[in-house]
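Next come the chains, spelled out residue by residue.
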Amino acid sequence: MNFQLIGVNHNSAPLDVREQLAVPEARLPEAIGALVKQPGVEEGMVLSTCNRVELLASTSQSADLRTFLCSYFGVNPEALHSHLYEFQEREAVRHVFRVAASLDSMVVGEPQILGQVKEAYTVARGLGAVHSALEALLSRAFAVAKRVRTETAIGSSSVSVASVAVQLAEKIFGSLDGKTVYLVGAGKMAELAARHLIAHGAGKIIVSNRTHERAVQLAEAFGGEAVPFDRLHEVAERADIILTSTGASEPIFRKEHGEKLIKGRRNQPVFFIDIAVPRNVAPEVNKLDGLFLYDVDDLQSIASSNSTERKKEAQRAEQIVESEVTRFAARMKSLAVVPTILSLQEYCETIRQAELDRVRGKLGQITPEQEAAIEAATRGIINKLLHTPITTLKSSAAHPEAATIEEMVRRLFNLNNGKPRS
């Protein structure tokens, strides 16, 4: 297993660091393309969410992902050093399984991360950047996530970012009855949050998105109103709750917008829920009286409360992940000896065919039944001779001496790098 992973998440880095590394959806193919061009990288994938940015690679040799990360994003290595985590081989596999199973999420058990990993995988696979080793790893990760959902109650006892936002809104307003919700950005997280807010009594929905057709589509789903993106500030004062989730690289709500908003609302409070990375709302907005701003990091304290039951289920999920890591590692090691086994079989088959061709001329005319008997007898001899070395190769794959045994077989049977010598 030549897997390498490097990244930052909500535990290792604050939001102002994560947003420097965030990859907008439109730039994801470019980032993946740059990754797989790095020396030693054979396959690669980039996962970028509001809570993490990770590079995953299958390598032919040790690749310098740290240097690439800092260079690609133009970030000072010293500024990132204390925030980055790196995993290799088995530890990388464990991390990928834990991420897909939502054990490494800010809200343990939340279902969105699995969809985000699948989307990142789909993009990378479509570019041809994921095809063999990473294909096997990600496919197994999805199966592990499904097993965790099936065999534990981690999902049923989880809290989503959307439900956390509802809790905060209820603390600010007391009741959400009749409150107007303004969605700036029309992605899946915004839609999910809107559904939670409406379920708790929120009234009118206003939607603004750079792609206006998507805003119209989402607004119609809620019986709401779509607003062109170039008018997003004009209608803001009509909203009690503003949820932002655009891919903008700079804040779209700044202090001056907040001041105008408070004046237009005659000091009625406004609740900003900023789930975008980079942030859509400038932090200084929170200093204005009557404006309450919460970003993705602020949601963590709410998410971590009342988590006793989730922790119990998470422990069971961790055991599942650990057993799956062991199984996957054993499978990958067994696959490593397949080329030698195939070459060994090919080598012996070549000898068998050559010997048959040599003696056929001496046997004279033989019947089809005799030909079949000779074929069966010679194949049986080859299979019996190969049974022990092949079984030994397979059984030793998971042990430290595997490489030594494989090399011994290659030498004994005159193979060179898994191929028969001519």
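Caption draft 1: Representation of the overall build of the chain. Scanning the chain from terminus to terminus reveals 16 helices and 12 strands. The globule rule puts the C-alpha radius of gyration for 422 residues at 22 Å, and the 29 Å found for the chain is more than 25% above it. Each principal axis of the C-alpha atoms in the chain carries an extent, and together these give about 105 × 40 × 40 Å. Expressed as a percentage of its 422 residues, the buried residues of the chain come to 48%. Considering only intrachain contacts with a sequence separation of at least 6, the fraction spanning at least 24 residues in the chain is 71%. For the chain, the exposed area adds up to about 20,700 Å²; of that, 52% sits on carbon and sulfur atoms. Across the chain, the centroid of the 49 positively charged side chains sits 3 Å from that of the 51 negatively charged ones.

Caption draft 2: Spatial organisation of the confidence of the model for the chain. Scored by pLDDT, the chain has a mean of 89; 94% of the residues are at 70 or more. Confidence over residues 418–422 falls short of pLDDT 50; this stretch has 13 contacts with residues more than four positions distant or in other chains.

Caption draft 3: Spatial organisation of helix H10 (residues 212–221). For H10, the full list of buried residues reads Ala215, Leu218 and Ala219. Along the long axis of H10, the arc covered by the buried residues comes to 100°, so they all point the same way. Relative to its buried face, H10 has exposed residues pointing more than 90 degrees away, namely Glu213, Glu220 and Ala221. Next to the buried residues of H10 lie strand E5 (181–184), helix H9 (188–199), strand E6 (205–209) and strand E7 (225–228). Gly223 occupies a position one or two residues after H10 and carries a positive phi of about 65°.

Caption draft 4: The arrangement of the packing of aromatic side chains in detail. Within this structure, the stated rule accounts for 8 aromatic pairs. With a centroid separation of 5.7 Å and 40° between ring planes, the pair formed by Tyr85 and Phe87 is classed as tilted. Residue Tyr85 is classed as buried on the basis of its relative accessible area, which comes to 11%. By way of ring pairs, the aromatic residues Phe3, Phe97 and Phe328 are connected into one cluster. The cationic tip of Lys118 hangs over the ring face of Phe142; the distance from NZ or CZ to the ring centre is 5.6 Å.

Caption draft 5: Up close: a nonpolar patch on the surface. On the surface, a nonpolar cluster with roughly 230 Å² of combined accessible area is contributed by Leu335, Val338 and Leu342. You can see Val338 is positioned in helix H14 (residues 338–363).

Caption draft 6: Region of the structure containing the packing of H14 against helix H15 (residues 368–396). Where H14 contacts H15, the two axes come as close as 10 Å, and the packing angle between them is 155°. The orientation of H14 relative to H15 falls into the category roughly antiparallel. The two elements H14 and H15 meet at a crossing, and its hand is right-handed. Note on element contacts: H15 touches H14 through Glu371, Ile374, Glu375, Thr378, Arg379, Ile382, Leu386, Pro389, Ile390, Leu393 and Lys394, opposite Thr340, Ile341, Leu344, Gln345, Cys348, Glu349, Arg352, Leu356, Arg360 and Leu363.

Caption draft 7: Structural context of the pairing of strand E2 (residues 41–48). Counting buried residues along E2, 6 of its 8 residues qualify, which places the element largely inside the surrounding structure. Sheet analysis places E2 next to strand E3 (residues 52–59), joined by 7 bridges and oriented antiparallel. Bridge pairing in E3 places Gly44 opposite Ala57. Count of turn residues in the E2/E3 antiparallel hairpin: 3 residues.

Caption draft 8: Representation of the sheet that holds strand E10 (residues 291–295) in the model. Here we have 6 strands laid out as an open sheet, ordered E7-E6-E5-E8-E9-E10, and parallel in their pairing. At either margin of the open sheet sits one strand with a lone partner, and together these are E7 and E10. Shown here is a sheet whose adjacent strand axes are inclined to one another by a mean of 20°, direction ignored. The pairing of strand E8 (residues 241–244) with strand E9 (residues 270–274) spans 4 bridges and is classified as parallel. Bridge pairing in E9 links Leu243 to Ile273. Helix H11 (residues 255–264) contacts E8, E9 and E10 of the sheet and is inclined by roughly 135° relative to E10.

Caption draft 9: Highlighting the pattern of salt bridges. Under the definition given, this model contains 36 salt bridges. The closest approach of N and O atoms between Arg195 and Glu191, which form a salt bridge, is 2.9 Å. With Arg195 and Glu191 both in helix H9 and 4 residues apart, this pair spans about one turn of that helix. By relative accessible area, which is 43% here, Arg195 ends up partly exposed.

Caption draft 10: Local environment of the sheet that holds strand E4 (residues 85–88). Read across the sheet, 4 strands follow the order E2-E3-E1-E4 without closing on themselves; strand pairing throughout is antiparallel. Each edge of the sheet is formed by a strand with only one pairing partner; in this case those strands are E2 and E4. Strand-to-strand twist in this sheet, taken as the mean axis angle between neighbours without regard to direction, amounts to 15°. With 7 bridges joining them, strand E1 (residues 3–9) and E3 adopt antiparallel strand pairing. By the bridge assignment, Phe3 is partnered in E3 with Ser58. Its contacts with the sheet place helix H5 (residues 89–100) against E1, E2, E3 and E4, and it is angled at close to 115° to E4. On the sheet, helix H6 (residues 112–126) packs against E2 and E3 and is oriented at approximately 140° with respect to E2.

Caption draft 11: Expanded view of the packing of H6 against helix H7 (residues 133–151). Two elements in contact, H6 and H7, have axes whose closest approach is 11 Å; the angle formed by their N-to-C orientations is 160°. Here H6 lies roughly antiparallel to H7, going by the angle between them. When the axes of H6 and H7 are compared, the crossing they make is left-handed. Contacts from Leu114, Val117, Lys118, Tyr121 and Arg125 in H6 reach Glu135, Leu138, Phe142 and Ala145 in H7. Classifying every residue of the contact of H6 with H7 by side-chain character gives 6 nonpolar, no polar and 3 charged.

Rules used in this analysis
- Residues numbered from 1 in each chain as written.
- Predicted model: local features only at pLDDT ≥ 70, side-chain atom pairs only at ≥ 80, totals over all residues.
- Heavy atoms only, no water.
- Helix = DSSP H or I, 4+ residues; strand = E, 2+ residues; numbered from the N terminus.
- Rg over C-alpha atoms; globule rule 2.2 N^0.38 Å.
- Buried < 20%, exposed > 50% of the residue type's maximum accessible area, 1.4 Å probe, protein only.
- Contact = heavy atoms within 4.5 Å.
- Areas by Shrake-Rupley, 256 points an atom, 1.4 Å probe, with all protein chains shown as cover.
- Lys, Arg positive; Asp, Glu negative; His and termini not counted.
- Charge placed at Lys NZ, Arg CZ, Asp CG, Glu CD.
- pLDDT = per-residue confidence, 0-100.
- Arc of directions from axis to C-beta.
- Phe/Tyr/Trp six-rings, centres within 6.5 Å; stacked < 30°, edge-to-face > 60°.
- Lys NZ or Arg CZ within 6 Å of the ring centre and 35° of its normal.
- Patch = residues over 30% accessible without salt bridge, like charges linked within 9 Å, V, L, I, M, F, W, Y side chains within 5 Å.
- Salt bridge = Lys/Arg side-chain N within 4 Å of Asp/Glu carboxyl O.
- Axes fitted to C-alpha atoms, helices over the stretch in contact; angles between N-to-C directions.
- Parallel < 35°, antiparallel > 145°, perpendicular 65-115°, else oblique.
- Left-handed = near helix turned anticlockwise from the far one by under 90°.
- Pairing = 2+ DSSP bridges.
- Nonpolar A, V, L, I, M, F, W, Y, C, P; charged D, E, K, R; others polar.

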